[in-house]
Amino acid sequence: MAKKLIIDCDPGIDDAVALCLALFDPRLEVLAVTAAEGNVSAKQASLNVQVLLDHLDPPRYPRVGTASPSEGTPAPDLRRLHGDNGLGGLDLPAAQLHHQHPSEKIICDEIRTAPGQVTILCLGPLTNLARAFQRDPELALSVDQVIISGGSLCGIGNATPAAEFNMFHDPVAARAVFRSAATKTVIPLDVTDQVKLTLEIIEQLPSEATRAGFLLRHLIPFSFRAYRQHLGLERIYLQDVVALTAALHPELFETEELSGDVETSGELTKGATIFDRRRLAPARSNLAVATDVDVAAVKDSILRGMAEAGKAT
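Here goes a summary of the coordinates provided. Along each chain, residues carry numbers from 1 onward, in the same order as the chain's sequence is written. Given that this is a predicted model, residues contribute local features only at a pLDDT of at least 70 and side-chain atom pairs are listed and counted only at 80 or more, while totals for whole chains, interfaces and linings are drawn from all residues. To obtain the side-chain values, all non-hydrogen atoms of the structure were used and water was disregarded.

1. Regarding the overall build of the chain
A helix here means a DSSP run of H or I that spans at least four residues, while a strand means a run of E at least two residues long, and both kinds are numbered starting from the N terminus. Scanning the chain from terminus to terminus reveals 11 helices and 11 strands. For the radius of gyration, the atoms used are the C-alpha atoms, and the globule rule reads 2.2 Å times the number of residues raised to 0.38. Its C-alpha atoms give the chain a radius of gyration of 18 Å, near enough to 20 Å, the size a compact globule of 313 residues would have. Structurally, the chain occupies a C-alpha span of about 55 × 45 × 35 Å along its principal axes. Three labels apply to residues, based on accessible area from a 1.4 Å probe with only protein chains included: buried if under 20% of the type maximum, exposed if over 50%, partly exposed otherwise in between. The 313 residues of the chain split such that 59% are buried. Two residues qualify as a contact provided that any one of their heavy atoms is within 4.5 Å of a heavy atom in the partner residue. Residue pairs in contact within the chain that sit at least 24 positions apart in sequence constitute 81% of those at least 6 positions apart. Per-residue and other accessible areas follow the Shrake-Rupley method at a 1.4 Å probe size, with only the shown protein chains counted as cover for residues. Accessible area for the chain stands at about 13,300 Å²; split by element, carbon and sulfur atoms hold 50% of it.

Here is the structure:
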């Protein structure tokens, strides 16, 4: 049985690569792709989801949820890493949907259709999931699992010194999801940043003649150029693709059950994820946090996923 999956994302280059792999993976049944504000504006995120789906033309077309502006912290300008439109400036046509539905409604609908069977993969800020749980207070108990790309176990962020981007952009939503009754696994920066991708990966991308290859051969070289120019790095990190791998291969990740929360108002720490790792922590654990990863196996899984996506012409 294929795993039923909702992908909530804010595309974003790493989101786009994750979508490319997930939509062609026979082990996954992607029920819906829901857009969130984050790497790009709500309007651009919704457009990017539609652009990617139209270009990739997957064997099973998922439902689409449109993003609404969040009430979170104004996001840092990430155009230097993702391009002006979030997709490295790649200009692709998209059909205009006549019947648009907000992301949180799509999430509610799909979970209620298959209670206890749907995994939600959150690749952006947690705005949509928090709104869905607010819209339907019993929904959290009907989710199979929530996998969250974001946060930091050691307290070192990438949006601020203390906060990871997805948590920083909407910390109130992140706190609501962390405190929800859903079964949750967090894949933090500490783990995703262990998976360093170097230039050799470009030689292993699918042919540009395929839909997936055309997309990947634009996005990934753009990422290498951006990381080199703006961060001084000769490698890239695809955090959201690592989180997708956690949904497919949880055995490649070591996890620890912890009590976790998100700071919502600290002057210096807004968006910081706090995990109680004291030996005698008074609070009960409310989520699992990845603490280590089999880097070689994850890289191999990513490359195999790209090859599988490249089989579709």
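2. Brief notes about the nonpolar core
For our purposes a nonpolar core is just a set of buried Ala, Val, Leu, Ile, Met, Phe, Trp, Tyr and Cys residues, chained together by side-chain atoms within 4.5 Å. Ranked by size, the top nonpolar core spans 69 residues in total, and within it Ile7, Val17, Ile187, Ile220, Leu244, Phe253 and Met306 carry the most contacts. Setting aside residues no more than four positions away along its own chain, Ile187 makes contact with Ile147, Ile148, Ser149, Gly150, Thr192, Val242, Ala243, Ala246, Phe253 and Ala290. Counting 34 residues, the second largest nonpolar core, distinct from the first, contains Cys108, Val143, Leu153 and Leu258.

3. Considering the sheet that holds strand 5 (residues 145-149)
Sheet architecture is open: nine strands sit in the order 3-2-1-4-5-6-11-9-10, paired in mixed fashion. Sheet topology places strand 3 (63-65) and strand 10 (273-276) at the edges, where each strand pairs with a single neighbour. Here the average twist between neighbouring strands, direction ignored, is 30 degrees. With four bridges joining them, strand 9 (residues 253-262) and strand 10 adopt antiparallel strand pairing. Paired with Val262 across the strands is Thr273, a residue of strand 10. Docked against the sheet, helix 10 (residues 239-248) engages strand 1 (3-9), strand 2 (28-35), strand 4 (118-122), strand 5, strand 6 (184-187) and strand 9, running at close to 155 degrees with respect to strand 5. Pairing between two strands requires that DSSP report at least two bridges joining them. Only the contacting stretch of a helix is used when fitting its axis, a line to C-alpha atoms as for every element, and angles between N-to-C directions run 0 to 180 degrees.

4. Some words on the pairing of strand 5
Taken across its five residues, strand 5 has four buried, putting it largely inside the fold. Bridge count for strand 5 against strand 6 is four bridges, and the pairing is parallel. Paired with Val146 across the two strands is Lys184, which belongs to strand 6.

5. Digging into the pattern of salt bridges
Where side chains of opposite charge bring their charged atoms close, a pairing between them can arise. In the sections that follow, a salt bridge refers to a side-chain nitrogen of Lys or Arg positioned within 4 Å of a carboxyl oxygen of Asp or Glu. Applying the stated rule across the entire model yields 14 salt bridges. One salt bridge connects Asp25 with Arg27, and the closest N-O pair in it is separated by 2.8 Å. Judged by its relative accessible area of 8%, Asp25 is buried. Overall, the relative accessible area of 37% leaves Arg27 in the partly exposed class. Note that Arg112 is salt-bridged to Asp136, the shortest N-O span being 2.8 Å. In this pair, Arg112 is assigned in helix 4 (residues 103-113) and Asp136 in the loop between helix 5 (127-135) and strand 5, connecting sequence segments 24 residues apart. Residue classification places Arg112 among the partly exposed residues on the basis of a relative accessible area of 38%. Among the residues examined, Asp136 registers a relative accessible area of 18% and is labelled buried.

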